[in-house]
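# Chains, contacts and geometry: an overview
Below are the chains, spelled out letter by letter.
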Amino acid sequence: EAAVTQSPRSKVAVTGGKVTLSCHQTNNHDYMYWYRQDTGHGLRLIHYSYVADSTEKGDIPDGYKASRPSQENFSLILELASLSQTAVYFCASSDPGLSAETLYFGSGTRLTVL
Amino acid sequence: GQQVKQSSPSLTVQEGGISILNCDYENDMFDYFAWYKKYPDNSPTLLISVRSNVDKREDGRLTVFLNKSGKHFSLHITASQPEDTAVYLCAAGVGSSGNKLIFGIGTLLSVKP
């Protein structure tokens, strides 16, 4: 079954440490996205990618890097984690050939930075 | 400011009643409007969407109404059921640029038996 799988499901990190969140999709979609969700905010776009080996900045990219080594994999990297990055992170994919706006989300990664 | 606003953080409806969820937007360029459903500790999933060339779209118990002049769209769920209890996220964007989909903060719908 086609899916978007995120790992880990939850993580506790220390301030200043490096965190990598991983996303793998079997949808064969070209587009992939990283969103974060916080209380009082909707899902906000951090980074996205149209194709392997290329990433774009979303609405809130500061403090985050992204990597798309293949069509299936898209990682979000926090080089120096901060308390303000505590949130739930969602990865998503979409198919521009059918409907680029229809997002298929993973189950989320709950990140707590202490 | 928030480009897509859901002013009601929660809504309670009796089973069998109609649930009405509202969303306001600011950007005149938005031409794609959607509703996602999210259960706790689960991923958002697309329920229904509509483009700006129509005012209404029905799918079973779900209907999306779009009021472009008022920059407002809504989701109506008829014959509400307890399993409809979830957070509903509205989203809006421009054309086929999925990367510009802006989400509201969500409305928690509770359907009481």
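Reading guide: rules and limits
Residues numbered from 1 in each chain as written. Chains lettered and ligands numbered in written order. Predicted model: local features only at pLDDT ≥ 70, side-chain atom pairs only at ≥ 80, totals over all residues. Heavy atoms only, no water. Contact = heavy atoms within 4.5 Å. Buried area = accessible area lost by both parts, 1.4 Å probe. Salt bridge = Lys/Arg side-chain N within 4 Å of Asp/Glu carboxyl O. Helix = DSSP H or I, 4+ residues; strand = E, 2+ residues; numbered from the N terminus. Nonpolar A, V, L, I, M, F, W, Y, C, P; charged D, E, K, R; others polar. Pairing = 2+ DSSP bridges. Axes fitted to C-alpha atoms, helices over the stretch in contact; angles between N-to-C directions. Disulfide = S-S within 2.5 Å. Buried < 20%, exposed > 50% of the residue type's maximum accessible area, 1.4 Å probe, protein only.

## Some details on the interface of chain B and chain A
- At the interface, 21 residues of chain B touch 22 residues of chain A.
- Each partner contributes to the roughly 1,700 Å² buried at the junction of chain B and chain A, and carbon and sulfur atoms together form 53% of this total.
- Our count for the chain B to chain A interface comes out at two salt bridges.
- Notably, a salt bridge pairs E101 of chain A with R51 of chain B, separated by 2.9 Å at the nearest N-O pair.
- Elements with a contribution of two residues or more to the side of chain B that touches chain A: β4 (32-38), β5 (45-51) and β10 (102-103) of chain B.
- With three residues, β4 of chain B is the largest single contributor of residues to the side of chain B that touches chain A.
- For the side of chain B that touches chain A, the residue count by class is nine nonpolar, eight polar and four charged.

## Remarks on the sheet that holds strand β1 (residues 4-7) of chain A
All names here are of chain A.
- Read across the sheet, four strands follow the order β1-β3-β8-β7 without closing on themselves; strand pairing throughout is antiparallel. Two strands lie at the open edges of the sheet, namely β1 and β7 (65-67), each paired on one side alone. Within this sheet the neighbouring strands show an average axis-to-axis angle of 20°, counted without direction.
- Here four bridges tie β1 to strand β3 (residues 19-25), and the two strands are oriented antiparallel to one another. Looking at β3, one finds that T5 is bridged to H24.

## Considerations on the state of the cysteines
- Applying the stated criterion across every chain, the model contains two disulfides over all chains.
- Bridging C23 of chain A to C91 of chain A, the disulfide has an S-S length of 1.9 Å. Measuring handedness by torsion sign, the sulfur bridge of C23 of chain A and C91 of chain A sits at about -80° and is left-handed. With a gap of 68 residues between them, C23 of chain A in strand β3 and C91 of chain A in strand β9 (residues 87-95) connect regions that are remote in the sequence.
- On the basis of relative accessible area, C23 of chain A is assigned to the buried category, the value being 2%.
- Between the sulfur atoms of C23 of chain B and its disulfide mate C90 of chain B the distance is 2.0 Å. Every disulfide takes its handedness from the sign of the S-S torsion; for C23 of chain B and C90 of chain B that torsion is 60°, giving right-handed. Placement of C23 of chain B in strand β3 (residues 19-25) and of C90 of chain B in strand β9 (residues 86-93) is noted, with a sequence separation of 67 residues between them.
- By relative accessible area, C23 of chain B is classed as buried at 0%.

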